[in-house]
Amino acid sequence: MPGRPSPENKMRLLGIETSCDDTAAAVVVDGYTVESNVLASQDEFHRAYGGIVPEIASRQHAETINAVIELALRKARRGFDDLDGIAVTCGPGLPGSLVVGVAVAQAAALARDLPVFAVNHLHGHLFANYLENREQPNHPPPVTPFVCLVVSGGHTDLIAVESPSRHRVIGRTLDDAAGEAFDKVARILGLGFPGGPAIDQLARSGDPRAFDFPRGLIRNAGYDFSFSGLKTAVRYHVDAHPEDVERRCADLAASFQAAVVDALCEKTIRAAGDASVTTIALAGGVAANSSLRTELRRRAADAGIAVLVPPLAYCTDNAAMIAAAAFYRGEQGQVRPQDLRIDPNFAW
Ligand SMILES: Nc1ncnc2c1ncn2[C@@H]1O[C@H](COP(=O)(O)OP(=O)(O)OP(=O)(O)O)[C@@H](O)[C@H]1O
Ligand SMILES: [Mg+2]
């Protein structure tokens with residue numbers, strides 16, 4: 001397995017990420033040292049529609065990708081000649097978004113005669129835990145085996161990680177992803193898009209015990225999740241008590257968030273205990289949630305389990321995590337540039 005950077009063993013990769021609505025590029029050495037991490041958010045273009053419009057996403061990627069890559073290289077004080085390869089997200093994601101990053105990576109790799117690595121976006125979220133963590137300088141790199149909860153806008157997956165190149169999906173949501181539930185409930189509460197950060201913020205002033213919302217599948221054996229019943233329960237409550245959206249919005253946000261966090265913590269800690277691992281890693285956009293970070297750490301500590309959480313900027317979509325995944329998976333992801341393809345349904 002590749003180790004931390006050393007003078008003899010340096011692999012500098014340009015990461016490119018355009019799977020959804022963020023245009024991102026980064027320069028990362030040995031899957032650890034982040035020389036630059038640039039992101040152009042498209043939130044302002046999608047906000048008016050209350051969600052991501054695929055057509056707008058792909059157009060915005062096409063307009064900004066070259067400037068984002070140039071800026072990532074400039075911030076890293078590097079040029080294409082300093083690179084050892086290009087890592088690009090090939091899926092899962094929106095086809096029209098993925099194709100922009102893949103086309104640019106392919107062109108650059110052919111023009112500069114560089115190796116290219118086809119990266120699964122979900123592997124990227126997982127390998128965000130291997131990047132340097134300036135928020136916790138002494139935080140240990142993940143030691144396998146561990147359990148990773150990947151909790152994002154499109155996925156809620158529990159992964160048993162046996163080594164950087166071997167993992168198994170042991171649980172997943174049977175309906176909505178947790179991030180999707182945050183976004184849909186935010187819309188019900190009139191909190192705008194993206195919903196996760198808005199609910200996180202508002203929940204700080206609410207009572208998480210004000211409403212007893214359902215914790216889908218929490219008592220079931222196995223490690224699968226369900227969030228659609230929770231979302232529906234919030235909708236039914238608001239339909240029956242529309243005045244609560246004005247008067248008790250913070251309580252609704254806090255109670256909804258508590259139900260999501262409870263289900264995520266319960267299953268993840270149980271999975272780690274059953275697998276006898278002593279480390280849980282958190283990944284994906286919902287890993288930015290303050291209550292999930294705090295509560296998972298608190299409950300896991302009671303069970304003698306350590307929790308690794310990437311810095312906020314590496315939880316939501318970014319290109320540094322794509323470069324890290326390519327580094328750790330090495331030849332598993334390397335393809336000839338002319339064979340690079342998008343794979344919108346790329347599975348774990
Ligand atoms: N502080 C937060 N609390 C809760 N959810 C959050 C927070 N910050 C971001 N999110 C949610 O994270 C999601 C975005 O995460 P991410 O960028 O990883 O998802 P994605 O890339 O769209 O989906 P996927 O990675 O599954 O393809 C959104 O649903 C957003 O609401
Ligand atoms: Mg993502």
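Located above this text is the structure these notes cover.
Keep in mind that what you see is a predicted model, and the values were worked out from it rather than measured. (Residues numbered from 1 in each chain as written. Chains lettered and ligands numbered in written order. Predicted model: local features only at pLDDT ≥ 70, side-chain atom pairs only at ≥ 80, totals over all residues. Heavy atoms only, no water.)

Visitor: What am I meant to see in the overall build of the protein chain here?
Guide: When helices and strands are counted, the protein chain shows 12 helices and 11 strands. Taking 20 Å as the expected radius of gyration for a compact globule of 348 residues, we find that the protein chain reaches 20 Å, a close match to that expectation. Based on the C-alpha atoms only, the size of the protein chain along its principal axes is roughly 60 × 45 × 30 Å. A separation of at least 24 residues holds for 74% of the contacts in the protein chain among residues at least 6 apart in sequence. Accessible surface, the protein chain as shown: approximately 14,800 Å² in total, 50% of it carbon and sulfur. (Helix = DSSP H or I, 4+ residues; strand = E, 2+ residues; numbered from the N terminus. Rg over C-alpha atoms; globule rule 2.2 N^0.38 Å. Contact = heavy atoms within 4.5 Å. Areas by Shrake-Rupley, 256 points an atom, 1.4 Å probe, with all protein chains shown as cover.)

Visitor: How should I be thinking about unusual backbone geometry in this particular structure?
Guide: The general pattern is negative phi for most residues beyond glycine and trans for most peptide bonds. Note that the residue after Thr 144, namely Pro 145, is joined by a cis bond; omega there is 0 degrees. Within the element layout of this structure, Pro 145 appears in the loop between α4 (121–127) and β6 (146–151). Each neighbour pair has its own omega, and for Phe 193 with Pro 194 the value is -5 degrees, a cis peptide bond. When you line up the elements, Pro 194 lands in the loop between α5 (178–188) and α6 (195–203). With a phi angle near 50 degrees, Asp 30 is a residue other than glycine that sits in the positive phi range. By the secondary structure assignment, Asp 30 is in the loop between β2 (22–29) and β3 (33–41). Relative accessible area serves as the criterion here: at 0%, Asp 30 is assigned to the buried category. The phi torsion at Ser 276 lies on the positive side, around 55 degrees, for a residue other than glycine. Among the structural elements, Ser 276 can be located in the loop between α9 (249–274) and β9 (279–283). (Buried < 20%, exposed > 50% of the residue type's maximum accessible area, 1.4 Å probe, protein only.)

Visitor: I tried to follow the site of ligand 1 on my own but got confused; where do I start?
Guide: Around ligand 1 lies a shell of 18 residues, among which Ser 152, His 155, Asp 183, Asp 200 and Asp 317 are the nearest. The contact in question runs from an oxygen atom of ligand 1 to an N or O atom on the backbone of Gly 154, over 2.9 Å. Side-chain polar atom of Asp 317 to an oxygen atom of ligand 1: 2.6 Å apart, as the coordinates give it. When ligand 1 is considered free in solution it has 640 Å² of accessible area, and contact with the protein chains removes 89% of it. Within the residue set of the shell around ligand 1, elements represented by two or more residues are α4, α5 and α6. Class assignment of the residues belonging to the shell around ligand 1 gives a composition of 5 nonpolar, 10 polar and 3 charged. Two domains each put at least three residues into the shell around ligand 1: domain 1 (12–132 + 315–339) and domain 2 (146–309). (Near = heavy atom within 4 Å. Polar contact = N/O pair within 3.5 Å; in protein donor to acceptor, adjacent residues only side chain to side chain. Nonpolar A, V, L, I, M, F, W, Y, C, P; charged D, E, K, R; others polar. Domains from an automatic or database assignment.)

Visitor: Explain the sheet that holds strand β11 (residues 334–335) here, please?
Guide: What links the strands of a sheet is backbone hydrogen bonding, and the strands pair in either a parallel or an antiparallel sense. As summarised here, the arrangement of the 6 strands in space is β3-β2-β1-β4-β5-β11, forming an open sheet in which the pairing is mixed. The sheet terminates laterally at β3 and β11, the two strands that pair on one side only. Pairing between strand β4 (residues 85–91) and strand β5 (residues 116–120): 5 bridges, direction parallel. By the bridge assignment, Val 88 is partnered in β5 with Ala 118. Where helix α2 (residues 54–75) meets the sheet, it contacts β1 (12–17), β2 and β3, and its direction lies at approximately 25 degrees from that of β2. (Pairing = 2+ DSSP bridges. Axes fitted to C-alpha atoms, helices over the stretch in contact; angles between N-to-C directions.)

Visitor: Is there a simple way to think about helix α3 (residues 95–112) in this case?
Guide: Since one α-helical turn is 3.6 residues long, residues separated by three or four positions face the same way. A rise of 1.5 Å per residue sets the reference length of α3, with its 18 residues, at 26 Å; its end C-alpha atoms lie 25 Å apart and thus fit the reference within 8%. Considered for burial, the residues of α3 that qualify are Ser 97, Leu 98, Val 100, Gly 101, Val 102, Val 104, Ala 105, Ala 108 and Ala 109. Those residues of α3 that are buried are in contact with β1, α2, β4 and β5. Just downstream of α3 lies Asp 113, where phi reads positive at about 55 degrees. (Expected span 1.5 Å × (residues − 1).)

Visitor: Quick question: what am I supposed to make of the coordination of the magnesium ion (ligand 2) here?
Guide: Octahedral six-donor coordination of a metal ideally yields angles of 90 or 180 degrees, compared with 109.5 degrees for tetrahedral four-donor coordination. Around the magnesium ion (ligand 2), the donor atoms from the protein are His 121 (NE2), His 125 (NE2) and Asp 317 (OD), and they sit 2.0 to 2.2 Å away. Around the magnesium ion (ligand 2), the 6 donor atoms sit at angles spanning 78 to 175 degrees, and that spread fits a shape best called octahedral. Mapping the donors of the magnesium ion (ligand 2) onto the primary sequence yields the spacing H-x3-H-x191-D. Separated by 192 residues along the polypeptide, His 125 in helix α4 and Asp 317 in the loop between α11 (312–315) and α12 (320–329) bring together distant segments of the chain. When sorted by exposure, His 125 lands in the same class as Asp 317, which is buried. (Donors = N, O, S within 2.8 Å, 3.2 Å for Na, K, Ca; no water. Tetrahedral: all angles 85-135°; square planar, octahedral: opposite > 155°, others 65-115°.)

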